[in-house]
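Structural overview for review
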Amino acid sequence: MLVHDTVGTGRSQAEIDQIRLSLQDRYAELSEEYEQAVQQSQVLRLVEVGDTAGDDQADSGTKTAERDTAQSLLRTILDRRAQYEHALTRLDEGTYGFCEGCSAPIPVERLEIFPSATTCVTCKQTRERRAA
Ligand SMILES: [Zn+2]
């Protein structure tokens, strides 16, 4: 990493290494969660296949709901994992900690709570309003 990459945020290399480690930890955790969720949804599917005889409508409705829940959980985990991956990329580029919207430094307190945050609160709200 080049020295000028760290000047803007005032972060030392040790701090950046620390951030990278915690982002990577979280990324690994989410990968594990994803694997587990995949296995669970496969178990769900097996149960469903072996258990269709004699189902009434209410039963298959419950199973569809369970499968939807499992799928949305998988999506959520993947989304979050992608955010951490993105944050790691920005860390390598030296843009981590700066808002993607307005380029202002993201408050450290926000990064402590949301290490994968790539926008300040104001820009996040603006984006959400646009998406809504
Ligand atoms: Zn911003």
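Residues numbered from 1 in each chain as written. Predicted model: local features only at pLDDT ≥ 70, side-chain atom pairs only at ≥ 80, totals over all residues. Heavy atoms only, no water.

The protein chain is annotated in an unreviewed UniProt entry as TraR/DksA family transcriptional regulator of Micromonospora zingiberis.

On to the overall build of the protein chain, then. If you tally the helices and strands in the protein chain, you get five helices and zero strands. When the helices and strands of the protein chain are listed from N to C terminus, the series reads α-α-α-α-α. For the protein chain, the proportion of its 132 residues judged to be buried stands at 27%. Pairs at least 24 apart in sequence give 52% of the contacts found in the protein chain among residues at least 6 apart. Only carbon and sulfur atoms are counted for the fraction: they give 54% of the accessible area of the protein chain, which is about 8,900 Å². (Helix = DSSP H or I, 4+ residues; strand = E, 2+ residues; numbered from the N terminus. Buried < 20%, exposed > 50% of the residue type's maximum accessible area, 1.4 Å probe, protein only. Contact = heavy atoms within 4.5 Å. Areas by Shrake-Rupley, 256 points an atom, 1.4 Å probe, with all protein chains shown as cover.)

What follows deals with the UniProt feature "domain: Zinc finger DksA/TraR C4-type" (unreviewed entry) in the protein chain. The residues that UniProt annotates with the feature "domain: Zinc finger DksA/TraR C4-type" (unreviewed entry) are residues 94-129. Structurally, residues 94-129 comprises 42% helix and 0% strand, and the distance from its first C-alpha atom to its last is 28 Å. (UniProt positions renumbered as here; feature names shortened; annotations may be inferred.)

The next point concerns the packing of aromatic side chains. Under the criterion given, the structure shown has zero aromatic pairs. Taking the ring centre of Tyr 34 as reference, the NZ or CZ of Arg 81 above it sits at 5.7 Å. (Phe/Tyr/Trp six-rings, centres within 6.5 Å; stacked < 30°, edge-to-face > 60°. Lys NZ or Arg CZ within 6 Å of the ring centre and 35° of its normal.)

Looking at the zinc ion, the protein donor atoms are Cys 99 (SG), Cys 102 (SG), Cys 120 (SG) and Cys 123 (SG), and they sit 2.3 Å from it. The coordination sphere of the zinc ion comprises four donor atoms, whose angles at the metal cover 100 to 114°; the geometry is tetrahedral. Looking at Cys 123, the relative accessible area reads 15%, which means it is buried. (Donors = N, O, S within 2.8 Å, 3.2 Å for Na, K, Ca; no water. Tetrahedral: all angles 85-135°; square planar, octahedral: opposite > 155°, others 65-115°.)

Our next topic: the pattern of salt bridges. Summed over all chains, the structure comprises six salt bridges. Two residues, Arg 20 and Asp 92, come together in a salt bridge whose shortest N-O distance is 2.7 Å. Here Asp 92 lies in helix α3 (residues 57-93) and Arg 20 lies in helix α2 (residues 13-50), a separation of 72 residues in the sequence. On the accessibility criterion, Arg 20 (17% relative accessible area) is buried. Accessibility expressed as a relative area gives 46% for Asp 92, which makes it partly exposed. A salt bridge links Glu 100 to Arg 90, with the shortest nitrogen-to-oxygen separation between them at 3.3 Å. Taken together, the residues Glu 100 in the loop between α3 and α4 (108-113) and Arg 90 in helix α3 connect sequence positions ten residues apart. (Salt bridge = Lys/Arg side-chain N within 4 Å of Asp/Glu carboxyl O.)

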